[in-house]
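Structural characterization, general
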Amino acid sequence: MALEVVFWVAAGLIVYAHLGYPLLLRALVGLFGERDDARARDSADARVRDGATRLMEMAKPNDLIHRVSLIIPAHDEETVIERKLANARALDYPAAQLEVVVASDGSSDRTVELARSAGADQVLDLPRGGKVAALNAAVRQATGEILVFSDANSYWRPDALGRLVGRFADERVGYACGQVRFEGGEGGNQEGLYWRYEMGVRSLETRLAGITAGNGGIYAVRREAYIELDPSRGQDIGFPFELTKRGWRAVYEPEAVAEEKMAPTVEGEFKRKRRMMWGLWDVMLKWGMLDPRGYGPAYALEIYSHRLLRYLTPWLHLIVFAVNIPLLSHGWVYVVTMALQLALLAAAALGRFIPILPFRIAYYYVTVTASIAVGLWDRLRAGAVPIGWEKVEGTR
């Protein structure tokens, strides 16, 4: 009957989005993907791999090493900006080839003053215009051939910059992001667990057709590949598909590691993701993420599986639950599926108060899934996505 078809299709898409897609991706990578070590290593710009190689790289003439601009957007970051700049100066990269640019987006505290005294090469004191507008302004002033970006509260391991920039030894690569490792979560946030799952998927996507999203804590763009996005958009979700459409590859480098604090509670994570999801639907519909023109078949599969289906999950869950009710009289299997759904909701409700891992995971999953739907409601209710942003340390 029709209800059963709807039920199993919706349930199947949920399972596929979270479990089936990674398994399919692994199979496709095994058949068609690049080898895990199939990276450009024969160029003078090949990434640093160990201490001995790093010393050899540092001994090379500067004209054989990429000129890099490290751009740090900041809004009221006086509590972290000095530490961030100290972290930037401690990176294992030739100082003569590294330019550090701080783009202050209308800061009302001492961010600009402290950034200048801490040794940034350029500090842009910009009027409030949003994070992406600040990044665009900084790129216009930057001198590097590789543009590297990091949040003010994201602290990189010493070899992270060399490993990230080394990805551009492959002339196909226009965008590369590193791995963010989250600290904290004492209040029950399971973002770190989710992020490990996500990074595993991105490693596979890199070997197939390229990643479908990055992160704001550690990423880089080849200068000739950089495009100025509308200030309402985010580069972490916009650049990978936009550059892929233009013939570049977007890749993930797991050994380029940055560390950040996460929001300590699931409620804090919900607020953060709700803001992100506010603009999600514009990205998919207005800005062309779902438009397959410019994608190869493998990348289109990644976009529709990893992005579209993931973002449709709240409504798929609602469909499964609603259709399951009239199907309860059609066999024991539907009694079991309803029991499983009720168990998930019960575990999520308990997870807010009881620090048992399965309950906490259920609470995180239900809350973050709900943030997608609430983000759409915000977009429909309030209209255009606001370009303002909160300081990073206060939201992680």
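Refer to the preceding data block for the structure.
Notes on the structure in this doc start here. If you're wondering where the values come from, they're calculated on a predicted model, not measured in any experiment.

With respect to the nonpolar core
Nonpolar side chains in soluble globular proteins tend to end up buried together. Among the nonpolar cores identified, the biggest contains 65 residues, and Val102, Val148, Phe149, Trp156, Leu161, Tyr175 and Val221 are the most heavily contacted of them. It is strand β6 (residues 173-183) that contributes the most residues to this core, six residues altogether. If we skip the residues at most four places from it in the chain, Leu161 touches Val68, Leu91, Tyr93, Leu98, Val148 and Trp156. Counting 23 residues, the second largest nonpolar core, distinct from the first, contains Val201, Leu208, Ala209 and Tyr299.

Topic: the side chain of Arg167
Locating Arg167 in the fold gives a position in the loop between α6 (160-166) and β6. Among the polar contacts listed, one links the side chain of Arg167 to the backbone oxygen of Tyr252, at a separation of 3.0 Å.

What to know about the environment of Leu350
Along the chain, Leu350 turns up in helix α13 (residues 332-351). Taking the C-alpha atoms as reference points, Leu350 and Tyr363, 13 residues apart in sequence, are found 7.7 Å from one another.

Focus: the side chain of Asn215
By the element assignment, Asn215 lies in the loop between α7 (191-208) and β7 (219-222). Judged by relative accessible area, Asn215 falls into the buried class, the value being 5%. From its side chain, Asn215 meets the backbone nitrogen of Gly217 in a polar contact 3.2 Å long. In this structure the side chain of Asn215 is engaged in a polar contact, spanning 3.1 Å, whose partner is the backbone nitrogen of Ile218. With residues near it in sequence (within four places) discarded, Asn215 still touches Tyr175, Cys177, Gly178, Val180, Trp195, Arg202 and Asp236.

A short note on the pattern of salt bridges
Any two side chains of opposite charge can pair, so long as their charged atoms come close to each other. Counted by the stated rule, this structure contains 19 salt bridges. Glu259 is the salt-bridge partner of Arg157, the closest N and O atoms lying 3.6 Å from each other. Placement of the pair is Arg157 in the loop between β5 (155-156) and α6 and Glu259 in strand β8 (residues 249-261), with a sequence separation of 102 residues. Residue classification places Arg157 among the partly exposed residues on the basis of a relative accessible area of 32%.

Here we look at the sheet that holds β7
Read from one edge of the open sheet, eight strands run β3-β2-β1-β4-β7-β6-β8-β5, paired in mixed fashion. Each having just a single partner strand, β3 (122-126) and β5 make up the two edges of the open sheet. In the sheet, strand β2 (residues 98-105) pairs with β3 via five bridges, with the strands oriented parallel. From the neighbouring strand, Asp105 faces β3, where its bridge partner is Leu126. Docked against the sheet, helix α3 (residues 81-89) engages β1 (68-74), β2 and β5, running at close to 160° with respect to β2. Sheet strands touched by helix α8 (residues 235-245): β4 (146-149), β6, β7 and β8. Its angle to β6, the strand with the most contacts, is close to 155°.

The rules we used
Per chain, residue numbering runs from 1 following the sequence as it is written. For this predicted model, a pLDDT threshold of at least 70 governs which residues receive local features, and a threshold of 80 or more governs which side-chain atom pairs are given and counted, while totals over whole chains, interfaces and linings are taken from all residues. Hydrogens and water are ignored here; the side-chain numbers use all heavy atoms of the structure. Put simply, buried Ala, Val, Leu, Ile, Met, Phe, Trp, Tyr and Cys residues joined by side-chain atoms within 4.5 Å make one nonpolar core. Under the scheme applied here, a residue whose accessible area is under 20% of the maximum for its type counts as buried, over 50% as exposed, and between as partly exposed, the area being computed with a 1.4 Å probe on protein chains only. Each helix is a run of DSSP H or I of at least 4 residues and each strand a run of E of at least 2, with the numbering of both proceeding from the N terminus. We call two residues contacting when some pair of their heavy atoms lies within 4.5 Å. We define a polar contact as two N or O atoms separated by no more than 3.5 Å, with the added condition that, inside protein, one atom must be a possible hydrogen donor and the other a possible acceptor, whereas residues neighbouring each other in sequence contribute only through side-chain atom pairs. Each reported salt bridge corresponds to a side-chain nitrogen of Lys or Arg within 4 Å of a carboxyl oxygen of Asp or Glu. The pairing criterion is simple: DSSP has to find at least two bridges between the two strands. A fitted line through C-alpha atoms represents every axis, and for helices the fit uses only the stretch in contact; the resulting angles, taken between N-to-C directions, go from 0 to 180 degrees.

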